[in-house]
Amino acid sequence: MTAARVSIQTQDFDLSAEIAALRAGDARVGAVCSFVGTVRDRNEGDSVSSMELEHYPGMTEKSIEAIIDKAVERFGIFGACVIHRIGLLQPMEQIVLVAVTSAHRGKSFEACEYIMDYLKSEAPFWKKEQTEQGARWVDARVSDEQALQRWAY
């Protein structure tokens, strides 16, 4: 695999630049798959004015590297990039990028979804939403845990 990249940052990211960097110089790449998550203006029926994300420095990066390593082993991808933003974010702002390269599209799609499913459930991030009712911590969703079940084989 080319270099696995993990970045936890406050600043926004440029999708085109990140994809170009991920595939640069690797003529084996026949497929690139990416996912970008953004802040929604509603959650659980309530209006959301902002979201604040916190993480555990060092532990978070290590956790994501381990997820990428498992994806490389399982799907044979060539490269992966995970960027996750922290700090105060507004609706419509980008939160996360997961991008992978492989020889064929099927493995890229699978690996991208695999990394995102594990990122949502296992990476140590904490999210606090600001709503009309006040601030609230966002709990893990049952649907995120259920998404992991399909990777159990």
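Every value quoted in this text rests on a predicted model; they were computed, and no experiment measured them.

J.: Describe the sheet that holds strand β7 (residues 94–102), naming the residues involved and giving the relevant values.
T.: With mixed pairing, the four strands of this open sheet are ordered in space as β1-β5-β7-β2. Each edge of the sheet is formed by a strand with only one pairing partner; in this case those strands are β1 (5–9) and β2 (31–38). The sheet shows a mean angle of 5 degrees between the axes of neighbouring strands, direction not considered. Of the strands in this sheet, β1, β2, β5 (79–85) and β7 touch helix α1 (residues 15–23), which is tilted by about 30 degrees from β7.

J.: I'd like a description of the nonpolar core, backed by residues and values.
T.: Ranked by size, the top nonpolar core spans 30 residues in total, and within it I64, V98, V100, I115 and L119 carry the most contacts. Mapped by element, the contributors of at least two residues to this core are β4 (46–55), α2 (59–75), β5, β7 and α3 (105–122). By residue number, the principal contributor to this core is α3, which donates seven residues. Discounting residues that sit within four places of it in the chain, I115 has contacts with I67, I68, A71, A80, V82, V98 and V100.

J.: Go over the side chain of S63 with me, naming the residues and quoting the values.
T.: Relative to the elements of secondary structure, S63 occurs in helix α2. Residue classification places S63 among the buried residues on the basis of a relative accessible area of 18%. Non-local contacts of S63, meaning those with residues more than four positions away in its chain, are made with E122, A123 and P124.

J.: Provide a residue-level description of unusual backbone geometry, including the pertinent values.
T.: In this model, E44 sits at a positive phi of 50 degrees, which is unusual for a non-glycine residue. Along the chain, E44 turns up in the loop between β3 (42–43) and β4. Here E44 falls in the exposed class, since its relative accessible area comes to 65%.

Procedures and definitions
- The residue count restarts for each chain, going from 1 along the sequence in the order it is written.
- Where totals are concerned, whole chains, interfaces and linings use all residues; where local detail is concerned, this predicted model gives features only for residues with pLDDT of at least 70, and gives and counts side-chain atom pairs only at 80 or more.
- In computing side-chain values, all of the structure's heavy atoms are included and hydrogens and water are not.
- Strands are treated as partners if at least two bridges between them are detected by DSSP.
- Helix numbering and strand numbering both begin at the N terminus, where a helix is a DSSP run of H or I of at least 4 residues and a strand a DSSP run of E of at least 2.
- Here an angle of 0 to 180 degrees is reported between the N-to-C directions of two axes, which are lines fitted to C-alpha atoms, with helices fitted over the stretch in contact.
- Pairs of residues are marked as contacts when any of their non-hydrogen atoms sit within 4.5 Å.
- Side-chain atoms within 4.5 Å are what join buried Ala, Val, Leu, Ile, Met, Phe, Trp, Tyr and Cys residues into a set we call a nonpolar core.
- Summary of the burial criterion: residues with accessible area below 20% of their type's maximum are buried, those above 50% are exposed, and those between are partly exposed, where the area comes from a 1.4 Å probe applied to protein chains only.

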